[in-house]
Amino acid sequence: MNASPSASRNPFVLRFASLFAEGRALAFPCDAQGRVDLDALPERARGNYLFARALVGRDFAVPCVCPAAGAMFAS
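What counts as what
- Residues numbered from 1 in each chain as written.
- Predicted model: local features only at pLDDT ≥ 70, side-chain atom pairs only at ≥ 80, totals over all residues.
- Heavy atoms only, no water.
- Salt bridge = Lys/Arg side-chain N within 4 Å of Asp/Glu carboxyl O.
- Buried < 20%, exposed > 50% of the residue type's maximum accessible area, 1.4 Å probe, protein only.
- Helix = DSSP H or I, 4+ residues; strand = E, 2+ residues; numbered from the N terminus.
- Pairing = 2+ DSSP bridges.
- Axes fitted to C-alpha atoms, helices over the stretch in contact; angles between N-to-C directions.
- Contact = heavy atoms within 4.5 Å.
- Core = buried A, V, L, I, M, F, W, Y, C linked by side-chain atoms within 4.5 Å.

A. Molecular detail of the pattern of salt bridges. All told, the structure shown has one salt bridge when counted by the stated rule. A salt bridge links aspartate 31 to arginine 35, with the nearest nitrogen and oxygen atoms 2.9 Å apart. For arginine 35, a relative accessible area of 55% corresponds to the exposed category.

B. Structural detail: the pairing of strand β2 (residues 25-30). Within β2, five of the six residues are buried, which leaves the element mostly enclosed by the surrounding structure. Where strand β1 (residues 12-17) lies against β2, six bridges are found, and the strand directions are antiparallel. Within the sheet, the bridge partner assigned to phenylalanine 16 lies in β2 and is leucine 26.

C. Seen up close, the sheet that holds β2. One open sheet accounts for three strands, arranged β2-β1-β3; its pairing is antiparallel. A single partner strand is all that each edge strand has here, and the edge strands are β2 and β3 (64-67). Across the sheet, the mean angle separating the axes of adjacent strands is 35° when strand polarity is ignored. Helix α1 (residues 43-54) rests against β1 and β2 of the sheet, and its axis sits at about 115° to β2.

D. Spatial organisation of the nonpolar core. Ranked by size, the top nonpolar core spans twelve residues in total: Leu14, Phe16, Leu26, Phe28, Cys30, Val36, Leu41, Ala45, Tyr49, Ala52, Leu55 and Phe60. At the level of secondary structure, the elements contributing two or more residues to this core comprise β1, β2 and α1.

Here it is in structure tokens:
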């Protein structure tokens with residue numbers, strides 16, 4: 001996972017916590033309402049986002065909007 005330079009533009013992340021591995025999650029830059037700009041994500045991060053969204057309830061919890069301070073983004 002790489003730190004995203006977009007953290008300064010997006011002070012929030014949409015965080016999908018793992019249902020099985022405590023402390024593990026995928027996080028993506030978003031606005032205050034949780035909207036992720038898919039066009040701004042690298043291809044790998046976009047795939048991870050779509051994967052996490054598809055597996056909500058199976059592998060990932062319902063995502064939450066969190067402050068991005070120090071967050072690492074999936075890429």
